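Coordinate analysis (summary)
Residue-level listing of the chains:
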Amino acid sequence: MPALRVLAASFVATLVSLPASGIELKLLDVSHDNGTFVVTSGIVIDAPMQRVFDVLSDYDNLTELHPSIRRAVVVDRPQPHTAIVDTWIRGCAAVFCRTLKRRERIETTGSEKIHARIDGEQSNVETSETRWHLKADGPRTVVSYEASLNPEFWIPPVIGTGIVKRKLRVTLIEILTRVEALANLERRGVASDWRAPH
């Protein structure tokens, strides 16, 4: 991975509405340096902040957020606002696919902040940290997202970090589009539809 050092690549869009959703993408930047991918984004979701928080913090149902999340298990809740969560994520870039097993300590502050930090000894991700910051904007929610990821496995040069970065961008947009949809389903009183088992 250190040999794959590349310059940061940015993709910034201002007030771009995504099809079939009320999402507005204000910022989405993915960079890579010395083996670590960093994602920074600012996105507005057409759903109330509390409902967005409820969906993001529903750890037992994280598989509903994206097909790549194959399994999610809450291992422990050592404190009222803290959870230890295992997830198995299947990721593919071109023809190169890997399953990442992550154990994270996830802490929440009110209904505004979610902070997840990886347990490297229980994961096949070397380092990973994720921060969500939610802010109400009337009936909508401004979502600030920051994440860093350093997988422990080697990425073949034929795949390249550029493909991985594009995949990270697309996946984040898909997840937040799904979060918006689930938040509005719950808001309309049909939560059982998205909590049903596959």
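Residues numbered from 1 in each chain as written. Predicted model: local features only at pLDDT ≥ 70, side-chain atom pairs only at ≥ 80, totals over all residues. Heavy atoms only, no water.

Glancing now at the confidence of the model for the chain. Low pLDDT marks stretches whose predicted atomic positions should not be read closely. When pLDDT is averaged along the chain, the result is 79; 74% of the residues meet or exceed 70. The low-confidence segment residues 1-19, where pLDDT is below 50, has 49 contacts with residues more than four positions distant or belonging to other chains. The model gives residues 190-198 a pLDDT under 50, and that stretch makes 17 contacts with residues more than four places away or in other chains. (pLDDT = per-residue confidence, 0-100. Contact = heavy atoms within 4.5 Å.)

Roughly 160 Å³ of volume is contained in the second largest pocket. Among the secondary structure elements, those contributing two or more residues to the lining of the second largest pocket are β7 (96-109), β8 (113-118), β9 (125-137) and β10 (140-151). (1 Å grid on protein atoms, 1.4 Å probe; cavity = no way out; pocket = protein on both sides within 12 Å on 5 of 7 lines; lining within 4 Å. Points joined across faces, edges and corners; volume = space filled by probe spheres on them. Helix = DSSP H or I, 4+ residues; strand = E, 2+ residues; numbered from the N terminus.)

Moving on, we come to the nonpolar core. Counting 35 residues, the largest nonpolar core has I45, V52, L65, W132, L176 and V179 as the members making the most contacts within it. Ranked by residues supplied to this core, first place goes to helix α2 (residues 160-187) with six residues. Not counting chain neighbours up to four residues away, the residues in contact with L65 comprise V55, E174, I175, R178, V179 and L182. (Core = buried A, V, L, I, M, F, W, Y, C linked by side-chain atoms within 4.5 Å. Buried < 20%, exposed > 50% of the residue type's maximum accessible area, 1.4 Å probe, protein only.)

A few words on the pattern of salt bridges. Any two side chains of opposite charge can pair, given that their charged atoms come close. This model, assessed by the stated rule, comprises nine salt bridges. The partner of R140 in a salt bridge is E24, with the nearest N and O atoms 3.5 Å apart. You can see R140 sitting in strand β10 and its partner E24 sitting in strand β3 (residues 24-33), a full 116 residues away along the chain. Of the two residues, R140 and E24, both sit in the buried class. Two residues, R117 and E129, come together in a salt bridge whose shortest N-O distance is 3.5 Å. Here R117 is found in strand β8, whereas its partner E129 is found in strand β9, with 12 residues between them in sequence. (Salt bridge = Lys/Arg side-chain N within 4 Å of Asp/Glu carboxyl O.)

Moving on, we come to helix α1 (residues 49-56). Among the eight residues that make up α1, six are buried, leaving the element largely enclosed by the rest of the structure. For α1, every residue scored as buried is listed here: M49, R51, V52, F53, V55 and L56.

What follows is about the pairing of strand β4 (residues 36-45). Summarising burial for β4: seven of the 10 residues are buried, a large majority. Where β3 and β4 come together, nine bridges link them in antiparallel fashion. Paired with D33 across the two strands is T36, which belongs to β4. Hairpin connection from β3 to β4: two residues lie between these consecutive antiparallel strands, with N34 at a positive phi of about 55 degrees. (Pairing = 2+ DSSP bridges.)

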